[in-house]
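One letter stands for each residue in the lines below.
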Amino acid sequence: MVIKKIAVLFSGSGSNLEKILENVHCKIFSTCKIEIACLICNKKDAYGIQRAKKYGLETTIIEHINYDDRESFDKKMVEIIKKSGAELVVLAGFMRILTPEFTKNVNAINLHPSLLPLFKGAHAIEESYNSDMKVGGISIHYVSEELDGGEIIEQECFKKEDGMTLEEFRAKIHALEHKLLPKTIVDILDKN
Ligand code: GAR
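Since we're looking at a predicted model, the values are computed, not measured.

Asker: Explain the overall build of the chain here, please?
Answerer: A tally of helices and strands in the chain yields 6 helices and 8 strands. Along the first, second and third principal axes, the C-alpha set of the chain runs to 50 × 45 × 30 Å. Summarising the internal contacts of the chain: among those between residues at least 6 apart in sequence, 65% fall at separations of at least 24. Accessible surface, the chain as shown: approximately 9600 Å² in total, 50% of it carbon and sulfur. Across the chain, 26 positive and 29 negative side-chain charges occur, with their mean positions spaced 4 Å apart.

Asker: Help me understand the environment of Lys-160, please; the structure alone is not making it clear to me.
Answerer: Here Lys-160 lies in the loop between β8 (152-159) and α6 (166-189). Considered as a pair, Lys-160 and Gly-48 are 112 residues apart in the sequence and their alpha carbons are 29 Å apart. Setting aside chain neighbours within four positions, we find Lys-160 in contact with Ser-128, Tyr-129, Ser-131, Asp-132, Met-133, Lys-134, Val-135 and Phe-169. In this structure the side chain of Lys-160 is engaged in a polar contact, spanning 3.2 Å, whose partner is the backbone oxygen of Tyr-129.

Reading guide: rules and limits
- Residues numbered from 1 in each chain as written.
- Predicted model: local features only at pLDDT ≥ 70, side-chain atom pairs only at ≥ 80, totals over all residues.
- Heavy atoms only, no water.
- Helix = DSSP H or I, 4+ residues; strand = E, 2+ residues; numbered from the N terminus.
- Contact = heavy atoms within 4.5 Å.
- Areas by Shrake-Rupley, 256 points an atom, 1.4 Å probe, with all protein chains shown as cover.
- Lys, Arg positive; Asp, Glu negative; His and termini not counted.
- Charge placed at Lys NZ, Arg CZ, Asp CG, Glu CD.
- Polar contact = N/O pair within 3.5 Å; in protein donor to acceptor, adjacent residues only side chain to side chain.

Structure follows, in structure tokens:
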């Protein structure tokens, strides 16, 4: 059985990490078994760390505040990812801007809570909720040097109902993310 290893990077709650743990980690697919070989978080109190512990996985905490610049922080992450043997890096709510030190050295995908190329950056949910658009959505894309700008792999959208609150809008986004991210990881890796 071919084992394909992934790294997951997160910064906060880790609800998407939990879906990967539930639906992808140590599961056997048509051509391979997929394992999380490396978990990295840049916030020592992130709830995702507890979620990973339930599955017996330790998270490496690399706090960006302890690094002089973005490049040295990225270099440290790349070093740990390479050591783990992960062939795909999944950014699941990882809230740091990455430099070429990272983007040129690993194959990574990012989950973003808007229909890219609209609403790039850290406030995508609020901005798309407050926009005139009649739909909201999510994107998964390859990570490139341009923030939220790499090749789009998958997108899904939903209708913004009249009177929908921000919390309802956010919940709809998360529900789509929780299905699409695990599926996309498997689609990328489960092939000959
Ligand atoms: C997700 O909604 C993800 O799309 C977003 O952070 C959230 C993480 O939730 N990512 C970005 O905004 C990246 N720019 P989680 O910690 O519960 O998985």
